[in-house]
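Inside the fold
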There are 2 protein chains.
Amino acid sequence: MSDNKVGIYKFVAEPFHVDFTGKLTMGVLGNHLLNCAGFHASDRGFGIAELNENHYTWVLSRLAIELEDMPRQYEDFSIQTWVENVYRLFTDRDFALLDKEGKPIGYARSVWAMISMETRKPADLLTLHGGNISEYICDKECPIAKPGRIKVAQETPVAEYLTKYSDIDINGHVNSIKYIEHILNLFPIETFKEKQIKRFEMAYVAESYYGDTLSFYREEVGKDEYDIEVKKNNQEVVVRSKVIFK
Amino acid sequence: MSDNKVGIYKFVAEPFHVDFTGKLTMGVLGNHLLNCAGFHASDRGFGIAELNENHYTWVLSRLAIELEDMPRQYEDFSIQTWVENVYRLFTDRDFALLDKEGKPIGYARSVWAMISMETRKPADLLTLHGGNISEYICDKECPIAKPGRIKVAQETPVAEYLTKYSDIDINGHVNSIKYIEHILNLFPIETFKEKQIKRFEMAYVAESYYGDTLSFYREEVGKDEYDIEVKKNNQEVVVRSKVIFK
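Please read all numbers here as calculations on a predicted model, not as lab measurements.

Attention now moves to the nonpolar core. Core analysis: the biggest nonpolar cluster contains 128 residues, and Met26 and Leu29 of chain A together with Met26 and Leu29 of chain B have the highest contact counts within it. Sequence-distant contacts of Leu29 of chain A, that is, excluding residues within four places in its chain, are made with Leu24, Ile65, Leu67, Met70, Ile79 and Leu97 of chain A.

Turning next to the sheet that holds strand S8 (residues 213-222) of chain A. All names here are of chain A. The strand order across the open sheet formed by 10 strands is S1-S3-S4-S5-S2-S7-S10-S9-S8-S6, and the pairing between neighbours is antiparallel. Strands at the two margins of the open sheet, each flanked by one partner only, are strand S1 (7-12) and strand S6 (159-162). Going from strand to strand, the sheet's axes swing by 20° on average, the running direction of each strand aside. In the sheet, S8 pairs with strand S9 (residues 225-232) via eight bridges, with the strands oriented antiparallel. Looking at S9, one finds that Arg218 is bridged to Ile228. Set on the sheet, helix H2 (residues 26-43) makes contact with S1, strand S2 (56-67), strand S3 (76-86), strand S4 (91-98), strand S5 (104-116) and strand S7 (197-204); between it and S3 the angle comes to about 55°.

Our next topic: the relation of the copies chain B and chain A. The operation relating the two chain copies consists of a rotation about an axis and a shift along that axis. Rotating chain B by 180° about the axis while translating it 0.0 Å along that axis superimposes it on chain A, leaving an RMSD of 0.0 Å. Here the transformation between the copies is reduced to the relation of a two-fold axis. Every residue of chain B has its C-alpha some distance from the rotation axis, and the shortest such distance is that of Tyr161 of chain B, at 5.5 Å. In this assembly the copies share their binding face: 100% of the residues contributing to the interface of chain B also contribute to that of chain A.

The subject of this paragraph is the pattern of salt bridges. Residue and element names in this part refer to chain A. Inspection of the entire model under this criterion finds 34 salt bridges over all chains. The partner of Arg199 in a salt bridge is Glu66, with the nearest N and O atoms 2.6 Å apart. Separated by 133 residues along the polypeptide, Arg199 in strand S7 and Glu66 in strand S2 bring together distant segments of the chain. Taken together, the shared-partner salt bridges connect Arg62, Glu66, Arg199 and Glu201 into one network.

Moving on: the interface of chain B and chain A. Between chain B and chain A, the residue contacts involve 33 residues of the former and 33 residues of the latter. Taken together, both faces of the contact between chain B and chain A bury some 3100 Å²; the carbon and sulfur share is 59%. On the chain B side of the interface with chain A, the three residues burying the most area are Phe16, Tyr165 and Ile170 of chain B, jointly 27% of the side's total. For the pair chain B and chain A, the interface holds two salt bridges. Two residues, Glu181 of chain B and Lys178 of chain A, come together in a salt bridge whose shortest N-O distance is 2.7 Å.

Residue and element names in this part refer to chain B. Reading across the sheet, the 10 strands line up as S1-S3-S4-S5-S2-S7-S10-S9-S8-S6 and stay open at both edges, with antiparallel pairing between neighbours. Each of the sheet's edge strands pairs with one partner strand only, and the pair in question is strand S1 (7-12) and strand S6 (159-162). Strand after strand, the sheet turns through a mean of 20° between neighbouring axes, direction not considered. With 11 bridges joining them, strand S2 (residues 56-67) and strand S5 (residues 104-116) adopt antiparallel strand pairing. Within the sheet, the bridge partner assigned to Arg62 lies in S5 and is Val111. Each of S1, S2, strand S3 (76-86), strand S4 (91-98), S5 and strand S7 (197-204) touches helix H2 (residues 26-43); the most contacted strand, S3, lies at about 55° to it. Strand contacts of helix H4 (residues 176-184): S6, S7, strand S8 (213-222), strand S9 (225-232) and strand S10 (237-245), with the helix running at about 130° to S7, the strand carrying the most contacts.

Residue and element names in this part refer to chain A. Within S4, eight of the eight residues are buried, leaving the element largely enclosed by the surrounding structure. With eight bridges connecting them, S3 and S4 associate as antiparallel partners. Directly across from Asn85, in S4, lies its bridge partner Asp92. Between S3 and S4, which pair antiparallel one after the other, the connecting turn spans four residues. Where S4 and S5 come together, eight bridges link them in antiparallel fashion. Within S5, the position partnered with Asp94 by the bridge is Arg109. Where S4 hands over to S5, the hairpin turn is made up of five residues, of which Gly102 adopts a positive phi near 90°.

Now for the side chain of His17 of chain B. Along the chain, His17 of chain B turns up in the loop between S1 and H2. For His17 of chain B, a relative accessible area of 11% corresponds to the buried category. Discounting residues that sit within four places of it in the chain, His17 of chain B has contacts with Asn31 of chain A together with Lys23, Leu24, Thr25 and Val28 of chain B.

Attention now moves to helix H4 (residues 176-184) of chain A. For H4 of chain A, a buried count of nine out of nine residues is recorded, marking the element as mostly surrounded by other parts of the structure. Of the residues flanking the start of H4 of chain A, the one acting as N-cap is Asn175 of chain A, its side-chain oxygen 2.9 Å from the backbone nitrogen of Ile177 of chain A.

This part covers the packing of H2 of chain B against H4 of chain B. Residue and element names in this part refer to chain B. The contact between H2 and H4 brings their axes to 9 Å, and the two run at 160°. By the angle between their directions, the pair H2 and H4 is classed as roughly antiparallel. Crossing of H2 against H4: the hand is right-handed. On H4, the residues touching Met26, Gly27, Gly30, Asn31 and Leu34 of H2 are Ser176, Ile177, Ile180 and Leu184.

Definitions and cut-offs
- Residues numbered from 1 in each chain as written.
- Chains lettered and ligands numbered in written order.
- Predicted model: local features only at pLDDT ≥ 70, side-chain atom pairs only at ≥ 80, totals over all residues.
- Heavy atoms only, no water.
- Core = buried A, V, L, I, M, F, W, Y, C linked by side-chain atoms within 4.5 Å.
- Buried < 20%, exposed > 50% of the residue type's maximum accessible area, 1.4 Å probe, protein only.
- Contact = heavy atoms within 4.5 Å.
- Pairing = 2+ DSSP bridges.
- Helix = DSSP H or I, 4+ residues; strand = E, 2+ residues; numbered from the N terminus.
- Axes fitted to C-alpha atoms, helices over the stretch in contact; angles between N-to-C directions.
- Least-squares fit on C-alpha atoms with pLDDT ≥ 70 in both.
- Salt bridge = Lys/Arg side-chain N within 4 Å of Asp/Glu carboxyl O.
- Buried area = accessible area lost by both parts, 1.4 Å probe.
- Polar contact = N/O pair within 3.5 Å; in protein donor to acceptor, adjacent residues only side chain to side chain.
- Parallel < 35°, antiparallel > 145°, perpendicular 65-115°, else oblique.
- Left-handed = near helix turned anticlockwise from the far one by under 90°.

Function cannot be read off these values alone, since they describe shape.
If you want it as structure tokens, here you go:
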């Protein structure tokens, strides 16, 4: 049973999935993490496909990634994922990133809600599938801090971006991975030459759509630590992010 | 031997790899095609890793994709690839896109050169590995037209884009797949609501780099047929593209 609680999935760092340093990009890692969450849930009967039949869907609320290293071009790596906790309205899912030898080189934490696709209201996770999800709670250690509070007072955006065809996912929303790319594009390439991302956080607050103008507000809140807030059409906050370099 | 000439690779259409219509994006398909080219060459001893040891590398010159359909979210699909011809300075590599039942739903043609990483000059493919590549020439049919001539007279760009961190690959160039995304972003989302891409061509002419400003020139050369030229810093042509909708 314990084995069945942790899913493990294998990958290879593809040439167009690494940045100029030859290491996997944060966007591609995020994509793999979310796919692994999907595989793990699906294999256990509470994936998107099963939920869709009942008009429910998973919504990603928070993602925090902390890394010692990243896989290099053509290197094999794998991702483990498991459910840490299930509450009435949220579930915590953790991840470990393992290098080609199986050694952990990073961890991630995510927070998910389930909503009704008809009412957009959150569903009670504890009663879903007769409480079935709780059976997969696993006490494997995830030795990184939980997603924290991100606060940006800065009122002048550092960049604006008009959303385009390639940003939009099957739900008509700007996709969760594209925000990661746009946020990292706020930094000059020199930053990534001199430093590596130690910790990266995303808080998904609201949806943005095709044709929305995204404004990016950035604040240096500590040495090598940046809080970022993205608003759509100069009004509503869409996502917040924290980037800590080392 | 005939079996060994055609490589076949399996995929699934991941959630963040489909567009708002739920179909695989052209950029992701392009990425998979180029990866398959790499797998196929590697498995036969003339991949990038083997070449790098001798300071040679493959350079993609042309890509033409013609599609009847695209895989939908979560659908399995596969890609076949084989070498159609080897000349002194170029090799033609073809692809078939197969749907979940193994039925061909599209084809692609590509043209590659090999260059010395030291001199940037092209290498003689016929003498490489003692003419070994020629042994893999395969007469499997690829029933789509070869890449054609793309010509843009338009002198006013429809868009400009300053290249950013996420655009740059391990060689320090804007990556081949990012051009595809930027080119398709020239079209309003309505185009993709009403139409599908029937044929898509890319001609990679020169490299662009971090901080270059790309200008996109577009001309409607026939009904639903667009030629696109991308220049860097308002001077040199970097890529040309043709998009035919149906």
